[in-house]
Amino acid sequence: MENFDVAVIGSGPGGYVAAIRSAQLGYKTVIIEKYDTLGGTCTNVGCIPTKALLDSSHHYLEAFHQFEEHGIKVNDLKLDFPQMYKRKSEVVSKNTVGLDFLMRKNKITRLKGTAGFVNDSVIKVTNGLEITEITAKYYIIATGSKPSSIPGVDIDKQRIITSTEALSLQAHPKSMVIIGGGVIGVEMASIFSRIGTQVTILEYADHLIAGMDHELGKSLHRILKKEGIDIRLGQSVYKAENSGSSAKVFFRDKNNTDQELEAEYVLVAVGRSPYTNGLGLENTGVQLDDRGFIKIDENRQTSVSHIYAIGDVVGGAMLAHKAEEEGVLVAETINGQKRHIHYERIPSVVYTWPEVASVGFSEEYLKKNNIAYHIGKFPFSASARARASMDTDGFAKVLVDPKYGEVLGVHIIGARAADLIAQAVIAQEYEVTAEDMFRISYAHPTYSEALKEAYLMASGQGAINI
């Protein structure tokens, strides 16, 4: 039986970062992964392949609708669906190869198989008929999450699918109904609608991306609808059926009237649930909450002092970068360092086009909690850079404390919002004021100037540039 200082279960962004940081701090580290490749959901069937397809489909849409206005003539434009998916797979492969290199570089032992606790101190790793038992001074559970469903909708991975199966389709689908208008739902809708699939979104809430500032969801709704996506809000799905060559979904609309839709695929995007099955947690003192998430304290420590848990399996925002931060926090906590994560300062991003990004408090939160604020909002349509690139949809919106000028929240829908939000994260993390933010120099013309103007407006001044 081999002994380690740190054993990490799961190799997603939280797991591989935790392993690397542990090794950097001098600990003998092992990472356990049941699949052939490292990277977890994010690298293999989530963030990375989705972004590859979003970029490919965006280029296709631009070539189809915008190139001519730029003076670029394209004759006989065609979509090569297999090549688009092949490129996606190549992007994933390069990332997984990179992770393999990082494991070797940091001298991290890699074990393939399913890990299960025998007791608080021993785990067994099962790989087919081969069983390996190991011990570690510290364990970090980073097993992530899996797609959830709703009553009456059984995911068969044939016609009733999740984003995982959608990323491995063999042929261009002609139609698709997506249950759920959250981040995964709208990103999947964007990919397939751009390449000509007839897409319908059925969302239970009264706006898209319900977890973000509502004005972002309303603006995204208008944009996606303009692109041809059929969006139906306030819909209650209660059943889906595989019909062989297609699937049917049954739902009740806002008036409680029964409706049904048929499409080549029904894609379920209603959230994710923690992956704890088979971990043998019942053989330990680790506790779960009523939703199945692992209970932890502020240091990601479970009810067993030497067992930690991070990422999706502990709940909260299910974001790769949130898991990464927690991986570093746990490794450094084990090392005796004092580290803290400000969860309200972790940005959220939706990779539609335009992109959507947010950090800090939403306007709804401030109103609900009677927190005073000033608002500054600048449209991308007034940005010279956005006009030059024909990306004039969206706005930058900042919420500022009226007394001290503290930046309470920043919400962007527009070109490169995913990159722009980093500036707002810095402002919040170091408590920079709105005045500080508009007095620094911004390159002209850039998309970032929309933020400068929004900060100016929130501080009681008018816009000074385009």
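Provided above is the structure to which this section pertains.
Residues numbered from 1 in each chain as written. Predicted model: local features only at pLDDT ≥ 70, side-chain atom pairs only at ≥ 80, totals over all residues. Heavy atoms only, no water.

A. A look at the overall build of the protein. Tallying secondary structure elements over the protein gives 13 helices and 22 strands in all. Taken over C-alpha atoms, the radius of gyration comes to 24 Å for the protein, in line with the 23 Å a tight globule of 466 residues would show. Expressed as a percentage of its 466 residues, the buried residues of the protein come to 52%. Sequence separation of 24 or more characterises 62% of the internal contacts of the protein that already satisfy a separation of 6 or more. If you sum the accessible surface of the protein, you get close to 21,500 Å²; carbon and sulfur atoms cover 49% of it. (Helix = DSSP H or I, 4+ residues; strand = E, 2+ residues; numbered from the N terminus. Rg over C-alpha atoms; globule rule 2.2 N^0.38 Å. Buried < 20%, exposed > 50% of the residue type's maximum accessible area, 1.4 Å probe, protein only. Contact = heavy atoms within 4.5 Å. Areas by Shrake-Rupley, 256 points an atom, 1.4 Å probe, with all protein chains shown as cover.)

B. Quick peek at helix 4 (residues 81–105). Look at helix 4: 37 Å from first C-alpha to last across 25 residues, which is about the 36 Å you get at 1.5 Å a residue. Of the surrounding secondary structure, the elements contacted by the buried residues of helix 4 are helix 1 (13–24), strand 2 (29–33), helix 2 (40–45), helix 3 (47–65), helix 5 (163–166) and helix 6 (183–194). Just past helix 4, the residue lysine 107 takes up positive phi, approximately 55 degrees. (Expected span 1.5 Å × (residues − 1).)

C. Seen up close, the packing of aromatic side chains. Under the definition given, this model contains five aromatic pairs. Relative to tyrosine 139, the ring of phenylalanine 117 has its centre 5.2 Å away and its plane inclined at 70 degrees; by these criteria the two rings are edge-to-face. Taken together, the positions of phenylalanine 117 in strand 4 (residues 114–117) and tyrosine 139 in strand 6 (residues 130–141) put the pair 22 residues apart, joining distant regions of the chain. We classify phenylalanine 117 as buried; its relative accessible area is 3%. With a relative accessible area of 0%, tyrosine 139 lands in the buried category. Above the ring of phenylalanine 395, the side-chain terminus of lysine 377 is found at 4.5 Å from the ring centroid. (Phe/Tyr/Trp six-rings, centres within 6.5 Å; stacked < 30°, edge-to-face > 60°. Lys NZ or Arg CZ within 6 Å of the ring centre and 35° of its normal.)

Interpretation note: all reported values are geometric properties and have no functional meaning in isolation.
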